[in-house]
Amino acid sequence: MFGILASILDGVLVGAVYGLAAMGLTLIWGVMNVINLTHGAMIVAGMFGLYYLASVAGLPTYSAIPPIAVAGFGFGVCLYWIAVHRVIGRPPLMSLLATFAANLVLIGLGTSAWGTVLFNVPVSLPGLTYEGYTFTGTHMMAAVLTAAIAGLLYLFLYRTRHGKAIRAVAGNREAAELNGIPTTRVLALAFGLGVALACTSGALIATLFPFTVLAGAAYQLKSFVVTVLGGLGNPAGALLGGVALGLLEGAMTPFMPVSWTSIVEFVVFVVVLIAFPAGLLSFRRS
Amino acid sequence: MHSPPFFGKPTCWLIVLATLAFAFAPLWHDNVELREELLLAAIYVILATNLNLMIGYAGYINFGNIVFFGLGGYFCVWLVSSHGWPLVAAALAGAAAVSVLALLFGLGILRLRGAYFALSTIGVNEGVKAFVANFTPWGGSTGIYLPIDAFAPLGGPATALWVIYFLLVAVMGLSLLLSFAIRNSKLGLGLLAIGQNEDAAAVLGVPTPRYKAFVYSVSAFLPAVAGALFFFKSAFIQPDDAFDLVFSTEAIVGVMLGGQGTVLGPALGAFVYEELRSTLLTAETFSNFQMVIAGALLLLIVLFVPGGLMGWIHRRWPRAKKVLE
Amino acid sequence: MSALLEVRGLGRRFGGLQAVDALSFAVGEGEILGLIGPNGAGKSTVFNLINGVHLPDSGSVIFRGEDITGEPPYRVARRGLARTHQIVQPLANMSVLENCVVGACFGRENLPLGRAEAVALEIAGFVGLIDRIGDPAGTLTIAGKKRLELARALSARPVLLLLDEVLAGLNPSEVERMIVVIRRIRERGVAILMIEHLMQAIMSLSDRIVVLNSGRKLAEGRPEQVANNPAVIEAYLGNPEDAAKLRGERPS
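Note that this is a predicted model, so its numbers are computed, not measured.

Further remarks concern the overall build of chain B. When its secondary structure is counted, chain B shows 15 helices and 2 strands. Summarising its shape, the C-alpha atoms of chain B cover approximately 55 × 45 × 45 Å along the three principal directions. When the 325 residues of chain B are sorted by exposure, 53% land in the buried category. Expressed as a percentage of contacts within chain B between residues at least 6 apart in sequence, the contacts between residues at least 24 apart total 74%.

This next bit is on the pairing of strand 7 (residues 160-164) of chain C. All names here are of chain C. Of all 5 residues making up strand 7, 5 are buried, and the element is well covered by its neighbours. Every second residue of strand 7 is oriented toward a common face, with L160, L162 and D164 on one face and L161 and L163 on the other, all of them buried. The pairing of strand 7 with strand 8 (residues 191-195) spans 5 bridges and is parallel. Of the residues in strand 8, the one forming a bridge with L162 is L193. Handedness of the crossover is the feature at issue here: the chain leaves strand 7, passes through helix 6 (residues 172-187), returns alongside strand 8, and the resulting connection is right-handed.

Let us now look at helix 1 (residues 10-24) of chain B. Residues and elements named next belong to chain B. In this model helix 1 runs 21 Å from its N-terminal to its C-terminal C-alpha over 15 residues, within 8% of the 21 Å that 1.5 Å per residue would give. Buried within helix 1 we find T11, C12, I15, T19 and F22. In a view along the axis of helix 1, the buried residues occupy a sector of 110°, so they form one face of it. Within helix 1, the exposed residues directed more than 90 degrees away from the buried face are P10, W13, L17, L20, A21 and F24.

So, about the interface of chain B and chain A. Contact with chain B, which involves 28 residues of that partner, is made by 29 residues of chain A. Secondary-structure elements contributing two or more residues to the side of chain B that touches chain A are helix 4 (87-109), helix 5 (114-133) and helix 13 (290-304) of chain B. At 10 residues, the largest contribution of residues to the side of chain B that touches chain A is made by helix 5 of chain B. Each residue belonging to the side of chain B that touches chain A can be placed in one class, and the counts come to 18 nonpolar, 8 polar and 2 charged.

Turning our eyes to something else, we now look at the pairing of strand 2 (residues 17-28) of chain C. Taken residue by residue, a regular strand's side chains alternate between the two faces of the sheet. Residue and element names in this part refer to chain C. Pairing between strand 1 (residues 3-14) and strand 2: 8 bridges, direction antiparallel. Among the inter-strand pairings, E6 is bridged to a residue of strand 2, identified as A26. Between the end of strand 1 and the start of strand 2, which pair antiparallel, lie 2 residues, with G15 showing a positive phi angle near 60°.

It is worth spelling out the sheet that holds strand 10 (residues 216-221) of chain C at this point. Hydrogen bonds between backbone atoms are what pair the strands of a sheet, whose relative direction is either parallel or antiparallel. Residues and elements named next belong to chain C. Pairing in this open sheet of 6 strands is mixed, and the strands run 6-7-8-3-9-10 from one edge to the other. This sheet does not close on itself; its edge strands, each paired only once, are strand 6 (81-83) and strand 10. Taking the axes of each pair of neighbouring strands and ignoring which way they run, one obtains an average angle of 15° across the sheet. Pairing between strand 3 (residues 32-36) and strand 9 (residues 208-213): 4 bridges, direction parallel. Paired with L33 across the two strands is R208, which belongs to strand 9.

So, on to the interface of chain C and chain B. With 25 residues of chain C at the interface, the matching set in chain B holds 17 residues. Counting only elements with at least two residues in the side of chain C that touches chain B, the list comes to helix 2 (73-78), helix 3 (96-106) and helix 4 (113-127) of chain C. Counting residues per element, the side of chain C that touches chain B draws most heavily on helix 3 of chain C, which supplies 6 residues. Split into classes, the residues belonging to the side of chain C that touches chain B amount to 15 nonpolar, 6 polar and 4 charged.

So, how was this worked out
- Residues numbered from 1 in each chain as written.
- Chains lettered and ligands numbered in written order.
- Predicted model: local features only at pLDDT ≥ 70, side-chain atom pairs only at ≥ 80, totals over all residues.
- Helix = DSSP H or I, 4+ residues; strand = E, 2+ residues; numbered from the N terminus.
- Buried ≥ 20, exposed ≤ 12 C-beta atoms within 10 Å, placed from the backbone.
- Contact = placed C-beta atoms within 7 Å.
- Pairing = 2+ DSSP bridges.
- Right-handed = clockwise from strand over helix to strand, strands pointing away.
- Expected span 1.5 Å × (residues − 1).
- Arc of directions from axis to C-beta.
- Nonpolar A, V, L, I, M, F, W, Y, C, P; charged D, E, K, R; others polar.
- Axes fitted to C-alpha atoms, helices over the stretch in contact; angles between N-to-C directions.

So this is what it looks like as structure tokens:
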């Protein structure tokens, strides 16, 4: 019995990291109504970042994460200017195709460079054992770091000038523009932030599981599910949704082959969209 | 606007001519290499032209459109290998089954708009792929092999390849004629209105749920037939090949490159893309870059030339619109 | 004069706001009924409840003797009830003519393409858009788009036309032209339910007026009766210009 409970609790820990990933997606979606289909590729980029900084260059594992976040931010801003800026005003399907196309390019380059080889970042951290079940140290550390980052994000969005500008643009772009906020730069900032969150979550996931270039797709799907569960543009909802998804996975894995997890998640995705267009936790601003 | 009778329109004759050209070109000097090249091009044209019904007319992006191709292939190969059906019957029955499935799936996902619909079509494709990979009657993840005697009813392997080719060219011609017929019909007008502004179209009286479900189901039929013919020809089908999202994406690139919403555009775009791809693939260094090229091309089109080749042609030579729809 | 459209006890809530509250009124055949009220009174919501864009929480909508409450917009349109929008919604990349053909094809008469085109041409001439029929709808001026919105609705050959602020954003001469067109629509036997803020226009066009305030019916009657109704004047006190116009005085 405790085995299932342990699996669920472990799922909650991992789910927090899913929530972090989803925060990046939902932030971009909420601020500029763009669905970033390079999200999965950015998660993978974070994974490779950790691999090269920690395993290859020998940096202590968790101190590699801040540089990855910064690099992710920079890359996100570039990606905004290259692929997203021109299509912002246009019908949303155009921005969908644009980020989709950018993703093809990135994944194509990735598979050209690294093929489908499995990579791993070994991290040793003492775990917690109870009644014969061990909660790995990496899982707990990842959850703690996620909480910390979420806290920092909250402080940024609600206590700093730039964060408030982002929220203003998200609420009503025209009004923000009329109030003198440089909306284009704020959009680039928000996009960079969303990508930074994706890369950071990727780095954390790399401490938990091995990965390939193509691993991003599964995590992107999880991010979508979490985003619609938590409500678009709602980072707090994303965190809760991530935990909920982790819980669901933890409950499923003892009973179901892993290949079916994605299918269940997609079914959840479609069902939630049809039944609850505003997200299960309807905090969303209209 | 719609006055000349159906077959009086120049575009219609262009379609017939192109189809005949495809059919007769490889016959000149029994050119098997050309036939294989044109066969692949024809498949790209079929996929893109039918996909355009959703993307270009109704304004719904079907990322997972390849699921129709794959399912059509599976139904056909299974009916031939396990039940001894003849090819044409198996292909048509399979395609009919796929259209019915599309209708059923559509009832669920067509309630979603825009990006949500687009993403859910990926789910449909991945879901079907995972299901088939675990479905033993269809060979699970190993797939189904066709024995060589499956080609006997068609006159042996060599003749069979020619028969399949002509059938595919016919499907290509039918796809283009179907697209043309819809574009110039009341249904097409309603679909275009939906693509412009679905809510306004509904207020104007366009029966949006019915039209969307119909076009989704219709857009599944001919790609399913094409899949049936293609995988029969390969004598082998397995889930990763049948439901390949990269191939699905290339169909989208074809539609956008050629000009979504036009009749001939997607066919042109698919043809050009396929030629580009096959040229690049023969150069060894580029073989890994297929996705990169497709992605870069799509990005450039979306950013700078959203009307595609046809859009450019129509703007440069406005009178061409009457001839090249 | 029998009731073409009857709205009975219509109610709808959005979040915490009761947008429409126990509203009842009727539009007779061949009548022009004006719907007025201060901003936020719920007028456009009433239209949305009538043509199926939103479902009412309570009450019913009876059109030509049949209960159409909650029917989807395309079915309402097919019954002969056409509507324009306050914020125009042209099918931008289609030509003006094609926009009207859509209306004619999918409206009350459910015409095939050929006949629909003939109807569309006639209507385009009627509203004065004949010289622009080949142009993409997105290239029209705001006045042109308003006229297109009207033409599209008319092409459906409706029995009842819902006009939502069709005069808003037009300059005085465009308003004059539109008023002439509206009068000619009535001459063709089409009943009209119109929302309008331009007081002089709606007062002179309407046979009867219904006044809405905070989602509830405040008054109903002939224009002169309504204009002199103290409750109505008070509701408009926030806008003295409109109050003056109500009384037919020149605004100060």
